[in-house]
Amino acid sequence: MDPSLDMWDFSPLISLWINRFYIYLGFAFGFSLWICFQIVIRRQDENSQEKSVSKATQDLMTNGDLSLQEKEVFVSGVKIFYGSQTGTAKGFATILAEAVSSLGLPVAIINLKEYDPDDHLVEEVTSKNVCAFLVATYTDGRPTESAEWFCKWLEEASIDFRFGKTYLKGMRYAVFGLGNSAYASHFNKVGKNVDKWLWMLGAHRLMTRGEGDCDVVKSKHGSIEGDFRAWKTKFISRLQALSKGEKKSCGGNCKKGRCKSNQHSSEEMEAESHTQDRLHQRDTEREKEQQEEKTSLFRNTAKNEASERRAMITPALREALTKQGYQLIGSHSGVKLCRWTKSMLRGRGGCYKHTFYGIESHRCMETTPSLACANKCVFCWRHHTNPVGTEWRWKMDQPEMILKEAIENHQSMIKQFKGVPGVKEERFEEGMTVKHCALSLVGEPIMYPEINRFLKLLHEYKISSFLVTNAQFPAEIRNLKPVTQLYVSVDASTKDSLKKIDRPLFKDFWQRFLDSLKALAAKQQRTVYRLTLVKAWNVDELQAYAELVSLGSPDFIEVKGVTYCGESSASSLTMANVPWHEEVVRFVHELVDLIPGYEIACEHEHSNCLLIAHKKFKIDREWWTWIDYNRFQELIQEYEDSGGSKTFSAEDYMAKTPPWALFGASERGFDPKDTRYQRKNKSKDVSGC
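Residues numbered from 1 in each chain as written. Predicted model: local features only at pLDDT ≥ 70, side-chain atom pairs only at ≥ 80, totals over all residues. Heavy atoms only, no water.

## Quick notes on a negative patch on the surface
We apply this condition: Patches draw on residues past 30% relative accessible area with no salt bridge. Two like charges within 9 Å are joined, as are two nonpolar side chains (Val, Leu, Ile, Met, Phe, Trp, Tyr) within 5 Å. Surface accessibility in these figures is a Shrake-Rupley result with a 1.4 Å probe; residues are shielded only by whichever protein chains are displayed. Salt bridge, as applied in this entry: a Lys or Arg side-chain nitrogen positioned within 4 Å of an Asp or Glu carboxyl oxygen. Asp and Glu are treated as the negative residues and Lys and Arg as the positive ones, with His and the ends of the chain left uncounted. Throughout, a charge is located at the NZ atom of Lys, the CZ atom of Arg, the CG atom of Asp or the CD atom of Glu. The way it works is that DSSP assigns letters per residue, a run of H or I at least four long becomes a helix, a run of E at least two long becomes a strand, and they are numbered from the N terminus.
Residues Glu425, Glu426, Glu429 and Glu430 make up a contiguous surface patch of negative charge. When you line up the elements, glutamate 429 lands in helix α15 (residues 425-431).

## Quick look at the sheet that holds strand β11 (residues 364-368)
Pairing between the strands of a sheet is mediated by backbone hydrogen bonds and can be parallel or antiparallel. Which entries qualify depends on this criterion: In this analysis, strands are considered paired if DSSP registers two or more bridges between them. Axis lines are fitted to C-alpha atoms, over the contacting stretch for helices. Their N-to-C directions set the angle, which ranges from 0 to 180 degrees. Any two residues whose heavy atoms approach within 4.5 Å are treated as being in contact.
An order of β9-β10-β11-β12-β13-β14-β15-β16-β18-β17 is seen for the ten strands of this open sheet, with the pairing classed as mixed. Every other strand in the sheet has two partners, leaving β9 (327-329) and β17 (598-604) as the edge strands with one partner each. Strand-to-strand twist of the sheet, defined as the mean angle between neighbouring strand axes without regard to direction, takes the value 25°. Relative to strand β15 (residues 526-533), strand β14 (residues 485-489) runs parallel, the two being bridged by five bridges. Within β15, the position partnered with glutamine 485 by the bridge is arginine 526. Strands in contact with helix α20 (residues 542-552) are β15, β16 (556-561) and β17; relative to β15, the strand with the most contacts, it is inclined by about 165°.

## Quick word on the packing of helix α6 (residues 148-158) against helix α7 (residues 189-200)
We apply this condition: Each angle is binned into one of four classes, with values under 35 degrees roughly parallel, values over 145 roughly antiparallel, values of 65 to 115 roughly perpendicular, and all other values oblique. Helix crossings are classified by the rotation of the near helix relative to the far one: an anticlockwise turn of less than a right angle makes the crossing left-handed, while a clockwise turn makes it right-handed. In the scheme used here, Gly and all other residues not listed as nonpolar or charged are polar, with Ala, Val, Leu, Ile, Met, Phe, Trp, Tyr, Cys and Pro taken as nonpolar and Asp, Glu, Lys and Arg as charged.
Taken N-terminus to C-terminus, the directions of α6 and α7 make an angle of 40°; their axes are 9 Å apart at the nearest point. Compared by their axis directions, α6 and α7 come out oblique. As α6 runs across α7, the sense of the crossing is left-handed. For the pair α6 and α7, the contacting residues are Cys151, Leu154, Glu155 and Ser158 in the first and Val190, Val194, Trp197, Leu198 and Met200 in the second. Of the residues assigned to the contact of α6 with α7, the class counts are seven nonpolar, one polar and one charged.

## Some points on helix α16 (residues 451-460)
Note the following rule: Categorising residues by exposure relies on relative accessible area from a 1.4 Å probe, with only protein chains included: less than 20% of the type maximum marks a residue as buried, more than 50% marks it as exposed, and the intermediate range marks it as partly exposed.
Along α16, the residues classified as buried are Ile451, Phe454, Leu455, Leu457, Leu458 and His459. Contact partners of the buried residues in α16: α14 (399-415), β12 (436-439), β13 (464-469) and α22 (629-641). Backbone geometry just after α16 places lysine 462 at a positive phi near 60°.

## Observations regarding helix α19 (residues 509-521)
Selection rule: Here a helix's expected span is defined as the number of its residues, less one, multiplied by 1.5 Å.
Relative to the 18 Å expected for 13 residues at 1.5 Å per residue, α19 spans 19 Å between its end C-alpha atoms, a close match to the ideal helical length. Those residues of α19 that fall on the buried side of the exposure criterion are Phe509, Trp510, Phe513, Leu514, Ser516, Leu517, Ala519 and Leu520.

## A word on the nonpolar core
Definition in use: Buried Ala, Val, Leu, Ile, Met, Phe, Trp, Tyr and Cys residues form a nonpolar core when they are joined through side-chain atoms within 4.5 Å.
Within the largest apolar cluster, 110 residues are counted, with the highest numbers of intra-cluster contacts made by Phe133 and Leu198. In terms of residues, this core owes the most to one element, α19, which gives seven residues. With sequence-adjacent residues up to four places away left out, phenylalanine 133 is seen in contact with Phe81, Phe150, Met171, Tyr173, Ala174, Val175, Phe176, Val194 and Leu198. Membership of the second largest hydrophobic core comes to 30 residues, among which are Tyr352, Cys609, Leu611 and Phe632.

## Describing a nonpolar patch on the surface
Side chains of Leu13, Leu16, Ile23, Tyr24 and Phe27 sit close together on the surface and give an oily, nonpolar patch of about 570 Å² of accessible area. No other element matches helix α2 (residues 20-63), which puts three residues into the nonpolar patch. By the element assignment, tyrosine 24 lies in helix α2.

## What to know about the packing of helix α18 (residues 495-502) against α19
Following both chains from N to C, one finds α18 and α19 inclined at 100°, their axes separated by 10 Å at the closest point. The orientation of α18 relative to α19 falls into the category roughly perpendicular. Contacts from Lys495, Leu498 and Lys499 of α18 reach α19 at Phe509, Trp510 and Phe513. The residue inventory of the contact of α18 with α19, partitioned by class, reads four nonpolar, no polar and two charged.

Below you can see the structure in the form of structure tokens.
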């Protein structure tokens, strides 16, 4: 053996080689520990970074440094409206305002008595405000005096086609009602109605309506104060969520990005939507029942002739007409406040009769002694909710009672405007005395068997009479005593178009129509043709219209574009059938060229209406289309005193037309004494309204 090898000791290497397995295992274990340690370190770093980013984000949102959300304001403020009789709602409004202020949001408390919804409510569509309504229900389910005008305006707007279903789209609101469940039939009726009417106009309901109950036994929270506190807590929570841009406030039960409270809220809103749908479906079914009731009203008349006469207004009809704003009188009459009456009370202009004939719109009572009609016109303002018939087969009320209650109801509606913002005090006082009566509300007034007695009573009260008939009762027109102005609706000029537009019930409707025009020609007092233009239906019948003018020889011809009154299952009329004012003007020019002896006299652009007058009312190149109402009352008194022997003519009580009312004037028929008001939300064209 080589001696040099003996100098090396290989025993350690041999030992390592023999124990190599344990060495490998130790290295593997150490490497695994190192990997685990690195993973833990990295996770801690990531968590630390997330916390720092989150904190930085919160700081940015708090301090306003380059925050995207800070640039977008979700709630600009809160407006709290209250209608209170005893001060409870006002006190709640103050408490709610303090709670809102604690969130750092601007807040305003508004008494509904001092608020004009016609001018300002639409502003909430784009203001990003949240509106809270605290409204109490007063005697018999009526609103408090301070909220009476607001509720009346809101109700009428909700069913007025000129506003539509999107008028308040974008407005956010919540309602808390104050009531007493001891009066079960109208518990919190005002709160429910305000909630419903806002919703019908397109406003967005933020939360379920709150209902405070003064009855401590039945109150959900032991008192009306407890009910309010519970609602206020929900409202503030909802407000906080909205301020952060959340669609719905979080209940804190979130898991994996899914918010249970959001799910519940969506379910609640969906359920509420379904409830509203069911209510509307119920209303639709009720309307169908009313239609069936009306159509069956005159079936089997021969069988019922000998039976006892029944009231014209059935319970279903009463409900439908009351919902439309009628004040019903007795068993077959009604009165309603015209929107032009409201307009003139506020100095915002009068109707076309003010422009053409000088009536004072704020002193005009729109009524009818007969809600029934012999036509079912496609442009009926009431969507055929009134009864129809060809002769009088109902119980009959006396004219004295009808006139007395009509005036009382009219005055009662005028009284509701006392203290309303914008109403002129002198016109309010004048409006309490009726000076004119438009017998054109709905139906066929001339059907009323005692129409002549009714007219005589009007004149005894020094009230002028404007009577409109649909040209289906020629005998009644011949027997009619003098009126201030007698209208005949000439809705078409041919038999086919009249049948299509007026849809008359009489089989001999065309002959009745022609005979009515002939009867009109025999009248000595003022007579008027009223033409309603329906585009694509009757605007191309110029020559036929000219022939009808020669048949009835009216003193005046009113040509008006049809007014679209909203969708109806009873009519196929749409906005496409409403002519533009320029189209009406062109039609009138072409018609005047075909009827010698007539010229265009006046214009009321806002009503999409023009007046053609006979040249006998043009004296020394000046028009005299207005009426001397005092002179008419003198003449009609002489007529009555003489037993009808002392007659008079239209020229005996005419008055000079002011320059602003004439066709071609820069005012376009708007009285310069008043102020033209343009609605702020002009989302859709309502030509002819």
